[in-house]
Amino acid sequence: MNIKELLNQRILIIDGAMGTMIQRYKLSEADYRGERFKDWASDIKGNNDLLCLTQPQIIKAIHKEYLEAGADIIETNTFNAQRVSLADYNMQSLAYEINFEAAKIAREAVEEFSANRQPSTVNRFVAGAIGPMNKTLSLSPDVNNPGYRALTFDEAVEAYYEQVKGLVEGGVDLLLIETIFDTLNAKAAIFAIKKHSRESEQELPIMISGTITDASGRTLSGQTLEAFYNSVAHARPLSIGLNCALGAKEMRPHIQELSQLASCYVSAYPNAGLPNAMGEYDEQPEETACFIEDWAKEGFVNIVGGCCGTTPDHIRSIAAHVKKLQPRKLPVIETALI
């Protein structure tokens, strides 16, 4: 079955946090560097995407843990793997390679996981993770110069295009533009994807996931949820959803609203609650799963999973709680008479 056929049958599960799992390995600067980058001029600890090159076995092991937990969709370890964000480590030239290798690692994890399973249970998908960048197109980083921008739209498109090319050529099934706090950045990613699709004659489904940053119900760049949806709906995505910033309890009203707006499938993967004073996440798997089960019973969602602080245990619990629940039905869109 393709992913649309599966989405019409059941709620699909996307994986949990990659960063949370990487932290469990307690990697040192030397671990991040590996042999290839042992003499790199700047510190590179924290560049999690680089681990696709220096510690690929760890990334594959994490993917497999999420697959074993019940994930139908796993994300590549490429959240910051475009040249704009990689510039923090002077590693712009590695953008394509990291994305290509990340896609290969995830694909290998899926194939190895599926090898000994019955054909009816091997539908697993690799989503190429495309993050929001560390520079924004809509906001000035200089409070004294509101008209200043640290990045142009064309520069963002160029960086995203290189990332998309690496992901697609590495073998992803989907492209996931996620954690969107500035819709203009997302538009640059959409433009890059569409450009690559035309040039390669290979069109993959697009998933889009925004971030509501607080109780106001707006993105960081000031859009309401409805405005955000209308700004990206032209991309005709497979799904539109929300992730990060909020726990499931706080995200609920926004998911409810989105489920009433979207003509496509709806995804939601919240954090494991809100961070404590130490920046850690305390919400237990059963708590997160109960919140998401409520969304599913209300018919809000088609794809669910976890973001910051979530682990394979969270994903396993979420999968168990929604296993027998029906997915959200797509609305019937009537064509206006002219």
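Look above for the structure.
If you're wondering where the values come from, they're calculated on a predicted model, not measured in any experiment.

About the thresholds
Residues numbered from 1 in each chain as written. Predicted model: local features only at pLDDT ≥ 70, side-chain atom pairs only at ≥ 80, totals over all residues. Heavy atoms only, no water. Axes fitted to C-alpha atoms, helices over the stretch in contact; angles between N-to-C directions. Helix = DSSP H or I, 4+ residues; strand = E, 2+ residues; numbered from the N terminus. Parallel < 35°, antiparallel > 145°, perpendicular 65-115°, else oblique. Left-handed = near helix turned anticlockwise from the far one by under 90°. Contact = heavy atoms within 4.5 Å. Pairing = 2+ DSSP bridges. Buried < 20%, exposed > 50% of the residue type's maximum accessible area, 1.4 Å probe, protein only. 1 Å grid on protein atoms, 1.4 Å probe; cavity = no way out; pocket = protein on both sides within 12 Å on 5 of 7 lines; lining within 4 Å. Points joined across faces, edges and corners; volume = space filled by probe spheres on them. Nonpolar A, V, L, I, M, F, W, Y, C, P; charged D, E, K, R; others polar.

Engineer: Where do I start with the packing of helix α9 (residues 183-200) against helix α10 (residues 225-232) in this structure?
Structural biologist: Describing two packed helices takes the angle between their axes plus the distance from one axis to the other. Following both chains from N to C, one finds α9 and α10 inclined at 20°, their axes separated by 10 Å at the closest point. On the basis of the axis angle, α9 is roughly parallel to α10. Seen from above, α9 lies across α10 with right-handed handedness. Together, T183, K187 and I190 of α9 and F228, S231 and V232 of α10 make up the contact between the two elements.

Engineer: Teacher, can you tell me more about the sheet that holds strand β2 (residues 73-75) here?
Structural biologist: In any sheet, the strands associate via hydrogen bonds between backbone groups, in a parallel or an antiparallel arrangement. Strand order in the open sheet formed by 8 strands is β1-β8-β7-β6-β5-β4-β3-β2, with parallel pairing between adjacent strands. Looking along the sheet, the strands with just one partner apiece sit at the ends: β1 (12-13) and β2. The pairing of β1 with strand β8 (residues 303-304) spans 2 bridges and is parallel. The residue of β8 that forms the bridge with L12 is I303. This element, α9, spans β3 (125-130), β4 (174-180) and β5 (206-210) of the sheet and lies at about 170° to β4.

Engineer: Honestly, helix α13 (residues 312-322) in this entry has me stumped. Any pointers?
Structural biologist: When you tally the buried positions in α13, you get 8 out of 11 residues, the bulk of the element. Residues of α13 that are buried sit in contact with β1, α2 (18-23), α5 (56-69), α12 (285-297) and β8.

Engineer: Help me out: how do you make sense of unusual backbone geometry in this one?
Structural biologist: Generally, phi is negative for residues other than glycine and the peptide bonds are trans, each holding for most cases. If you check the backbone angles, M133 has positive phi at about 75° while not being a glycine. You can see M133 is positioned in the loop between β3 and α8 (153-170). Looking at M133, the relative accessible area reads 4%, which means it is buried. The backbone of A245 sits at a positive phi, close to 65°, despite the residue not being glycine. Along the polypeptide, A245 turns up in strand β6 (residues 239-247). Taking relative accessible area as the criterion, A245 reaches 27% and is therefore assigned partly exposed.

Engineer: What is the right way to read the layout of surface pockets from this model?
Structural biologist: To find leftover empty space, a probe the size of one water molecule is rolled over the atoms. Within this model, the largest pocket holds a volume of roughly 920 Å³. Lining the largest pocket are 43 residues, with A17, M18, G19, T20 and C308 sitting closest to its centre. Listed by contribution, the elements that provide at least two residues to the lining of the largest pocket are α2, α6 (83-86), β4 and α13. Here the lining of the largest pocket gets 4 residues from one element, more than from any other, and that element is α2. For the lining of the largest pocket, the per-class residue count stands at 12 nonpolar, 21 polar and 10 charged.

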